[in-house]
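# Architecture and fold: a report
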Amino acid sequence: MSRIAGLFLITFVMVLSGCAHQVELSKQEKFLAAAPRSILIVPVVNNSVDVAAAEYVLSTLSIPLGEHGYYVFPVNMVKRVLEDDGLADASLVHSSPTSKLAALFGADSVLYVTVNQWNAKYMLLNTQVNVALDYRINDAKTDDILWSHHQNMIYNSNQGGGGGGGLGGLIAQLIVEAIHAAITKGVPNYLPLANQANTLALLSYPGNGIPPGPYATEEKELSPRTDK
Amino acid sequence: MALTFKLFAVISALTLLAGCAAQPRYTWCKYDCTLYDHYKNPAQNDDFIEELKEAVMKSEAAGQVPPGLYAEYGYVLYEKGDSQTAIQYFQKEADKWPESRVFMAKMITNAQKGYKKKEEVAKPNTAGAEPNQAEGGQTEVKK
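Residues numbered from 1 in each chain as written. Chains lettered and ligands numbered in written order. Predicted model: local features only at pLDDT ≥ 70, side-chain atom pairs only at ≥ 80, totals over all residues.

Take the overall build of chain A next. Counting its regular elements, chain A contains nine helices and six strands. A total of 228 residues make up chain A; the buried ones form 42% of that total. (Helix = DSSP H or I, 4+ residues; strand = E, 2+ residues; numbered from the N terminus. Buried ≥ 20, exposed ≤ 12 C-beta atoms within 10 Å, placed from the backbone.)

Here you go:
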């Protein structure tokens, strides 16, 4: 009985994800049309019970986006400048118009991330971490949403063997073990997990992520651009 | 639950494999950990400055300075009161990344004001932490 229910659930989720995919494709069209060169990463809003969740996520956004070919503004500098401008509260930053915000920095687009869930359940033999994040990139000129994505992740510490065989399976296991090692220490380090969530959300392209940026697509221009 | 996990594992593997296909574009030197440590222990500001300085030197040596790093380092120097060296790093960021020029021009103007204030008080003794301060005094953002 429960097996049938499970099968039904899987089918349902697959159908749902199929729909979600199409919606997001049209959002990527908007993104491709706007073709931002730079992304302003603003402080993360935290609605979760983990007080440090915003910092895990904020710290791990620049590397994937920079490697994906975008100019990313210096995260800490931006945070401090916003604080000096009276925008110390992340939710205040998120609610101000993108165009105004972007004009302060000359940015093409702004990335807003909200942590809705970051729960760790410590059981006898297992640690489970549930993560739910919302990502949104808005256009600096029109304030329009260029791309958005909702990322859920469930991490279980005692299921290290999954993922099938082959190189992929081995690598997956290594990642899981890295996250596992970080989380089971006395003071959990969630950076690998946050990094994983950000990478899944932003870089899965084609898929739910954003297309590669100008420094990935115009490789040759990279070095001569230092016009000296 | 096992299925969710397997799915996660497969996606992880794909993501990592995709990552392996290309060499990293920049030398980040654990920029993520540096930032996180700073937010966790804001009192240890000198560690933050040191780590950023090291990242700048290593990535420069590799010829792969990531976006934002020069400015990030310049800003901690600016906060520390070393506006002159800060301006040099803001300028480096602007030279390397055209996307940063609006922001860097503003910051250079701000830092110059701060620097002038310091000169009026006749206490320019904050410089000296930096190896290449001799270049100093670049003021205009190049176009």
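From this point, things continue past the structure.
The next subject is the overall build of chain B. Per the secondary structure count, chain B includes six helices and zero strands. Each helix and strand of chain B, ordered N terminal to C terminal, gives the series α-α-α-α-α-α. By the burial criterion, 38% of the 143 residues in chain B qualify as buried. Residue pairs at least 24 apart in sequence account for 56% of intrachain contacts in chain B once pairs closer than 6 positions are excluded. (Contact = placed C-beta atoms within 7 Å.)

Once that is clear, we can look at the pairing of strand 4 (residues 109–122) of chain A. All names here are of chain A. Relative to strand 4, strand 1 (residues 38–41) is paired through three bridges, and the arrangement is parallel. When the sheet's bridge partners are listed, Leu-40 is paired in strand 4 with Val-110. Taken together, the two bridges between strand 2 (residues 45–46) and strand 4 define a ladder with parallel strand orientation. Bridge pairing in strand 4 places Val-45 opposite Thr-114. Two successive antiparallel strands, strand 4 and strand 5 (residues 127–139), enclose a turn made up of four residues. (Pairing = 2+ DSSP bridges.)

Residues Leu-40, Ile-41, Val-57, Val-78, Val-110 and Leu-111 of chain A together with Phe-90 of chain B are the most contacted members of the largest nonpolar core, which totals 85 residues. A per-element tally of this core places helix 4 (residues 69–80) of chain B first, with eight residues. With residues up to four places along the chain from it excluded, the contact list for Val-57 of chain A reads Val-44, Val-113, Val-115, Leu-133, Ala-194 and Asn-198 of chain A. (Core = buried A, V, L, I, M, F, W, Y, C linked by C-beta atoms within 7 Å.)

Time to look at the packing of helix 3 (residues 45–62) of chain B against helix 4 of chain B. All names here are of chain B. Between helix 3 and helix 4, the shortest axis-to-axis distance is 10 Å and the interhelical angle comes to 145 degrees. Our pair here, helix 3 against helix 4, has a crossing hand that is left-handed. Within the contact between the two elements, helix 3 uses Phe-48, Ile-49, Leu-52, Lys-53, Ala-55, Val-56 and Ser-59 and helix 4 uses Leu-69, Tyr-70, Glu-72, Tyr-73 and Val-76. Residues of the contact of helix 3 with helix 4, tallied by class, amount to nine nonpolar, one polar and two charged. (Axes fitted to C-alpha atoms, helices over the stretch in contact; angles between N-to-C directions. Left-handed = near helix turned anticlockwise from the far one by under 90°. Nonpolar A, V, L, I, M, F, W, Y, C, P; charged D, E, K, R; others polar.)

Attention now moves to the packing of helix 4 (residues 75–84) of chain A against helix 4 of chain B. Contact pair helix 4 of chain A / helix 4 of chain B: the axes reach a minimum separation of 8 Å and the direction vectors enclose 50 degrees. Compared by their axis directions, helix 4 of chain A and helix 4 of chain B come out oblique. Contact residues: helix 4 of chain A offers Asn-76, Met-77 and Arg-80 of chain A, while helix 4 of chain B offers Ala-71, Glu-72 and Tyr-75 of chain B. Across the contact of helix 4 of chain A with helix 4 of chain B, the residue classes tally to three nonpolar, one polar and two charged. (Parallel < 35°, antiparallel > 145°, perpendicular 65-115°, else oblique.)

The next subject is the environment of Glu-50 of chain B. Mapped onto the elements, Glu-50 of chain B comes out in helix 3. Each C-alpha atom, one on Glu-50 of chain B and one on Tyr-73 of chain B, is 9.3 Å from the other, the two residues being 23 residues apart in sequence.

Here we come to unusual backbone geometry. Residues and elements named next belong to chain A. The amide bond that connects Tyr-205 to the next residue, Pro-206, takes the cis arrangement and shows omega of 0 degrees. Within the secondary structure layout, Pro-206 lies in the loop between helix 8 (191–203) and helix 9 (214–217). The phi dihedral of Ala-35 is positive, around 40 degrees, even though this residue is not glycine. Here Ala-35 is to be found in the loop between helix 1 (2–34) and strand 1. Even without a glycine there, the phi angle at Asp-143 is positive, about 70 degrees.

As a further point, take helix 6 (residues 98–105) of chain A. All names here are of chain A. Considered for burial, the residues of helix 6 that qualify are Thr-98, Leu-101, Ala-102 and Phe-105. Looking straight down helix 6, one finds that the buried residues subtend no more than 95 degrees of arc, so they occupy a single side. Directly beyond the C-terminal end of helix 6, a positive phi value near 70 degrees is found at Gly-106. (Arc of directions from axis to C-beta.)

Here we come to the environment of Tyr-122 of chain A. All names here are of chain A. Relative to the assigned elements, Tyr-122 resides in strand 4. C-beta crowding within 10 Å serves as the criterion here: with 12 such atoms nearby, Tyr-122 is assigned to the exposed category. For the pair Tyr-122 and Asn-195, spaced 73 residues apart in the sequence, the C-alpha separation amounts to 21 Å.

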